[in-house]
Amino acid sequence: MKSDFLVIGSGIAGLSYALKCAELGTVIVVTKKKDIDTATNLAQGGIAAVLEKDDSVESHVNDTLLSGAGLSDEKIVRMVVESGPQRIAELVEIGVSFVMDQKNSSGYSLGREGGHSCRRVAHAYDLTGREIERALLEKVRSHERIQLFEERMVVDLLMVKGKCPGWENSHHKRKCVGAYVMEGGSVKAYRAKITALCSGGVGKVYLYTTNPDITTGDGVAMAFRAGADVSNMEFVQFHPTCLYHPKEKNFLISEAVRGEGGILIGEDGEPFMQKYDSRKDLATRDTVARAIDKELKETGEDCVYLDITHRDADYLKNRFPTIYQRCLSRGIDITKDPIPVVPAAHYMCGGVKTDIDGKSSIPGLIALGETACTGLHGGNRLASNSLLEAVVFADRAAKFCNKYWDNLNKSEIPEVDDWKSGNATKLGEEILINHNWDAIRRLMWNYVGIVRSMKRLSLAKKRMEAIYDDVDQHYREYFVTPNMIELRNISLISLLIIQSAMHRKESRGLHFLIDYPKKAPNIKQTVFRRKRIEKNTWEIEVLKEAGNE
Ligand code: SIN
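The following refers to the structure shown. Note that the coordinates shown come from a computational prediction; the quantities given were computed from them, not determined experimentally.

## A short note on the site of the ligand
Item 1. Taken together, the neighbourhood of the ligand is formed by Gln-44, Gly-45, Glu-113, His-239, Leu-252, Ser-254, Glu-255, Arg-285, His-346, Arg-381, Ala-383 and Ser-384.
Item 2. Within the contact set of the ligand, an oxygen atom lies 2.7 Å away from a side-chain nitrogen or oxygen of His-346.
Item 3. One of the backbone N or O atoms of Ser-384 is found 2.6 Å from an oxygen atom in the ligand.
Item 4. Relative to its unbound accessible surface of 260 Å², the ligand loses 93% to contact with the protein.
Item 5. Counted by class, the shell around the ligand contains 2 nonpolar, 6 polar and 4 charged residues.

The structure is reproduced here in structure tokens:
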């Protein structure tokens, strides 16, 4: 397989980037399940941007910086916020139908979410992601230069010696020229001039998550194995309100419900957020998730409740059709009953470290969307800034490719070795894989969750290292399967999260460490890189700028 551009993942970042790169050359998009199996497709809230006359770039920038707890890069924040309105106009142009409200100067109906000082979230009721995914997929499927392949699991990146136009300052001697991709039972080389990791987040590392099943950190894990810089993996965002019901795995109750007046209450019916933050239920997510965690630990209850019953029933059915129907199917009428909710892993603020054009440290490798750490979210992503980040960086990366296209286009895509299975045999016992899946997710939930301690992190590290070795050995001895590849990725991601968390000896944004409950005076990013020791042996190298000691 050969194309100019290889895009791994079919969410908003991958599809937006694919459409723009198709103006330059041929594009292959691979996705490991069905094309709509993306976090984008589940996104409820919307996309934040400065659209109203009485809103301002300054205000959105400040809200983002405040939420980011000192770790966002102001230059990146400003660039993203300033590009927002134009990217939203593009989405509308390709057919995304946002809800309109002619009473507003912008013409858009705008939602409100935690940490935003005004209404600025464009939405399609509580189906925003689905609407965006629909419109993008329609364009991609009918584009003559784009081929989209489903059920293609990427195993690892293809790396060869050489340079890549646009990465002149990179310290790497090798560049990325595509990926090894599982197709049915075999692994094939998909070669490309530029490869983009747009494979989403890491939610499946945790026992409870709002994310879809695909979120096994594949992009970050592959990039790290290839030697890319990976940043700020300790900042896992827990969404405060995931539906608590024995039959529901990952159903989100959008923050927009609190934006429209929803109040968090305990089993006793009493609101509690006033004890934690003057913004109460519309405080940023780190604060709200920690408050719920504390309430649950103190009261011993299984969940708290989100009460929006004071709003008009018809209004609620119209504004939140999915949430209304889904809850009703579980016997909860949100117009009459408070909704049982718990926090769950939702978003990875860290990831493959990129520059302002979405370029990773590895020549030929771009990272976009939740896979990337661009400097926008810092220590805590502001609600509804992620769809925005995805389209803005997809645009930047495509413009970068355009700028270097003459040189990129001239460069030959080198031949690579076929995938070698060596002496691998078939693993007859799937239980060996499934057991470790379960062990990792429980370990991460119990030991590396919303509130952390050095003792639990140290124990988690010891246990995860043992699991990682086990998984790595299976990977080398047996034929690879999608289940095994994902397990290999979540075990590496877990190690990265644990080590990043241990490294940040302070509490900041989403990372709360009881041994160090305050912010450290100096602000540092955590940057990790794989240091090869010998074949198949490596350690995590902490780059100079990391750490707070
Ligand atoms: C939500 O609707 O609460 C999720 C929005 C987001 O994660 O930004």
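Continuing now.
## As for the sheet that holds strand 5 (residues 121–122)
Item 1. With antiparallel pairing, the 3 strands of this open sheet are ordered in space as 3-5-4. With partners counted over all chains shown, the strands left at the sheet margins are strand 3 (47–48) and strand 4 (110–111), one partner each.

## Topic: a negative patch on the surface
Item 1. On the surface, a cluster of negative charge is contributed by Glu-267, Asp-268, Glu-270, Glu-301 and Asp-302.
Item 2. Topologically, Glu-267 is positioned in the loop between strand 12 (263–265) and helix 8 (285–299).

## Topic: the sheet that holds strand 14 (residues 339–348)
Item 1. Pairing is antiparallel in the open sheet, where 4 strands are placed in the order 11-14-13-12. The sheet is open, and its two edges are formed by strand 11 (236–243) and strand 12, each paired on a single side. In this sheet, adjacent strand axes meet at a mean angle of 45 degrees when their direction is disregarded.

## Concerning a positive patch on the surface
Item 1. A cluster of like positive charges, contributed by Lys-161, Lys-163, Lys-173, Arg-174 and Arg-532, occupies part of the molecular surface.
Item 2. Secondary-structure assignment places Lys-163 in the loop between strand 7 (152–161) and strand 8 (174–183).

## Considering helix 13 (residues 431–447)
Item 1. Relative to the 24 Å expected for 17 residues at 1.5 Å per residue, helix 13 spans 24 Å between its end C-alpha atoms, a close match to the ideal helical length.
Item 2. If you check which residues of helix 13 are buried, you get Ile-433, Asn-436, Trp-437, Ile-440, Arg-441, Leu-443 and Met-444. Buried residues of helix 13 fall within an arc of 160 degrees about the axis and therefore sit on the same side. Opposite the buried face of helix 13, by more than 90 degrees, sit the exposed residues Ile-431 and His-435.
Item 3. Looking at the buried positions of helix 13, the neighbouring elements they touch are helix 14 (454–477) and helix 15 (482–503).

## Here's the deal with the nonpolar core
Item 1. Of all hydrophobic cores here, the largest spans 80 residues; its most connected members are Leu-157, Tyr-206 and Ile-497.
Item 2. Of all the elements, helix 15 adds the most residues to this core, at 12 residues.
Item 3. Among all residues touching Tyr-206, those that are not within four sequence positions of it are Val-236, Phe-238, Ala-345, Arg-441, Met-444, Trp-445, Val-448, Gly-449, Arg-452 and Ile-497.
Item 4. With 57 residues, the next largest nonpolar core counts Val-29, Leu-51, Cys-198 and Leu-368 among its residues.

## Considering the side chain of Ser-360
Item 1. Counting through the fold element by element, Ser-360 comes out in the loop between strand 15 (351–353) and strand 16 (365–367).
Item 2. Classification of Ser-360 by relative accessible area gives buried; the value is 4%.
Item 3. Every residue in contact with Ser-360, bar those within four places of it in the chain, is listed here: Trp-167, Val-352, Lys-353, Thr-354, Leu-365 and Ile-366.

## Considering the state of the cysteines
Item 1. All chains considered together, the criterion is met by 0 disulfides.
Item 2. With no disulfide of its own, Cys-176 lies 9.1 Å from the sulfur of Cys-164, the closest cysteine sulfur.
Item 3. Under the relative-accessibility criterion, Cys-176 is labelled buried at 1%.

Conventions and cut-offs
Residues numbered from 1 in each chain as written. Predicted model: local features only at pLDDT ≥ 70, side-chain atom pairs only at ≥ 80, totals over all residues. Heavy atoms only, no water. Near = heavy atom within 4 Å. Polar contact = N/O pair within 3.5 Å; in protein donor to acceptor, adjacent residues only side chain to side chain. Areas by Shrake-Rupley, 256 points an atom, 1.4 Å probe, with all protein chains shown as cover. Nonpolar A, V, L, I, M, F, W, Y, C, P; charged D, E, K, R; others polar. Pairing = 2+ DSSP bridges. Helix = DSSP H or I, 4+ residues; strand = E, 2+ residues; numbered from the N terminus. Patch = residues over 30% accessible without salt bridge, like charges linked within 9 Å, V, L, I, M, F, W, Y side chains within 5 Å. Salt bridge = Lys/Arg side-chain N within 4 Å of Asp/Glu carboxyl O. Lys, Arg positive; Asp, Glu negative; His and termini not counted. Charge placed at Lys NZ, Arg CZ, Asp CG, Glu CD. Axes fitted to C-alpha atoms, helices over the stretch in contact; angles between N-to-C directions. Expected span 1.5 Å × (residues − 1). Buried < 20%, exposed > 50% of the residue type's maximum accessible area, 1.4 Å probe, protein only. Arc of directions from axis to C-beta. Contact = heavy atoms within 4.5 Å. Core = buried A, V, L, I, M, F, W, Y, C linked by side-chain atoms within 4.5 Å. Disulfide = S-S within 2.5 Å.

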